[in-house]
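# Fold and geometry: a report
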Amino acid sequence: MRKVISRLTIQLLPQASKRLRCRTLFTITLLLGTITLFIAIVSLQTLQLTSFKFISEADRLRDDMKGAAPCIDRHAALYDRVEDIFCQNLPPFEPQYKNPCFYEYQNSSADPVLRCLPYFYIIGMDKCGTTDLHSKIASHRDVRNNIGSLGKETMFWSWKRYGLFNKRLGSYKSTLDDYFYMFYEISEETQQNNGTSHNIITGDATPMDLWDFRSWDWIPQNFKKAEPEILTPHLVRYLYKDRTPKFLIQLRDPIERLYSDYIFLDQGINAATFHAHVLKAIRLLQECVKTKSLRLCFFDRELYNKLPTRIHLGCYSVYIKEWFAVFPRSAFHFTRTEDFHSNARETLTDIYSFLDLEPLPESNLSAIVNQSRKHVTKAKKGKVFSKTFSILHQFYLPCLQETAALLNDDRYLWDDVYRKTRPELVKNVNYDTSRTVTDRLPFMINFTEFDISLFSGTGRRNI
């Protein structure tokens, strides 16, 4: 090319000086180089846009057994977008290890590196004692912490892969490689003690994973969708292939959970501000469901940032249904915070069994049960007002009934708790528990019909 340009320059400028011909040659070469670079950039952009194109409904159908979905954004890392999990192809898990681990060859000359995913997840719920629960589970001799917050929270699936930390948006979006690194300690222990560490396991206890789907529209497979088709459960399902991880979910009376969450996040200072913020939160939800589905409102990023208290988290059934749609019921073990606090021994024994852990000697189990509680919320200033309780009980009642039906367990109505702590406020509440689970679903949750005015004046409900 350079020779061709040189000949053309001499022919076009036969009488010009050598210096002028050199300058002309340099200018033409620079111009052609710029044009070539521009064409390359346009081609790359075209490739990138093609990879992120809208996928037709037929192409989006996934394999229900494995949670497969099309890989459509292989170039996410180049453009600082959220990683497309469905573009990741993991090697098979090593069958000799109880924890899901696989060997990865990072280059042809190096020895393979063992990388691991969690054997179990504690996916919820916030302010339900999950830190204390995980601490006691991790006290079993065959369970290892991860290197995340408090030795349990990676925050990957709900926050970090989207560059989030609660309501703050950061500049870095974590990748699957970052997630694997959270479990490097069990990977190293397993690899270094090959043959003696086959039964050790690790977990990820990030309570936001149950409910925080605010970033659903950043998942490539949901591009241009009115409602999400792919959520965290589908992504987890894809990575585990034919293996099914185990999920622990600990739930608490949603009214006390909300007040504890409210104080913990410094959203207010006492029961009076809590009452005012509860009313405001309900009104915001009512406005949202006028134009969107309940599901979309609960997953709405803009609404979440406006809510003065996270009232929607107590509608447990809305989130549980998303996980049940992907994983079998047998993959989940549910506990109540109240039962864990009153009988930790029985709760832990059941969980160890669910995780297929060896029973502990009585002395070891007693030492774990008697450990001090971890990460307790600072003392709340005052008890929830009776009028606030009445509002929230009516608000949560459809959700509680649906949760109890989904789990086929009426303990998740928390009626036993309320009749001890607020007997005068629930004495006239009756639950129909005679029907089967199928007959009791679905319970209609219609917040637009919820009348706050009943509680704001001098009516009979303003107790």
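Residues numbered from 1 in each chain as written. Predicted model: local features only at pLDDT ≥ 70, side-chain atom pairs only at ≥ 80, totals over all residues. Heavy atoms only, no water.

Judged by which residues are buried, strand β7 (residues 201-204) turns out to be covered on both faces: Ile 201 and Gly 203 on one side and Thr 202 and Asp 204 on the other are all buried. Bridge count between strand β3 (residues 120-124) and β7: 2 bridges; the pairing is parallel. If you follow Phe 120 over to β7, its bridge partner there is Gly 203. Note: strand β4 (residues 143-144) against β7, 2 bridges, orientation parallel. Counterpart to Arg 144 in the pairing with β7 is Thr 202. (Buried < 20%, exposed > 50% of the residue type's maximum accessible area, 1.4 Å probe, protein only. Helix = DSSP H or I, 4+ residues; strand = E, 2+ residues; numbered from the N terminus. Pairing = 2+ DSSP bridges.)

We now examine the packing of aromatic side chains. Counting across every chain of the model gives 30 aromatic pairs. The interplanar angle of 25° and the centroid separation of 5.6 Å between the aromatic rings of Tyr 121 and Phe 247 together place this pair among those described as stacked. Placement of the pair is Tyr 121 in strand β3 and Phe 247 in strand β8 (residues 246-251), with a sequence separation of 126 residues. Consider the rings of Tyr 179 and Phe 183, whose centres lie 5.1 Å apart with planes at 85°: the pair is edge-to-face. Under the relative-accessibility criterion, Tyr 179 is labelled buried at 1%. Its relative accessible area of 1% is what places Phe 183 among the buried residues. Among the aromatic side chains, those forming a connected cluster through ring pairs are Phe 93, Phe 102, Tyr 121, Phe 180, Tyr 240, Phe 247, Trp 323, Phe 324, Phe 327, Phe 332 and Phe 334. The aromatic ring of Tyr 304 is capped on one face by Lys 167, whose charged end is 5.7 Å from the ring centroid. (Phe/Tyr/Trp six-rings, centres within 6.5 Å; stacked < 30°, edge-to-face > 60°. Lys NZ or Arg CZ within 6 Å of the ring centre and 35° of its normal.)

The next subject is the packing of helix α14 (residues 344-354) against helix α15 (residues 362-369). Between α14 and α15, the least distance of the axes is 10 Å, while the angle of their chain directions is 115°. Helix-helix and strand crossings are classified by hand; for α14 and α15 the assignment is right-handed. Packed against α14, whose contacting residues are Ala 344, Arg 345, Leu 348, Thr 349 and Tyr 352, the element α15 presents Glu 362, Leu 365, Ser 366, Ile 368 and Val 369 at the interface. Split by residue class, the contact of α14 with α15 holds 6 nonpolar, 2 polar and 2 charged. (Axes fitted to C-alpha atoms, helices over the stretch in contact; angles between N-to-C directions. Left-handed = near helix turned anticlockwise from the far one by under 90°. Contact = heavy atoms within 4.5 Å. Nonpolar A, V, L, I, M, F, W, Y, C, P; charged D, E, K, R; others polar.)

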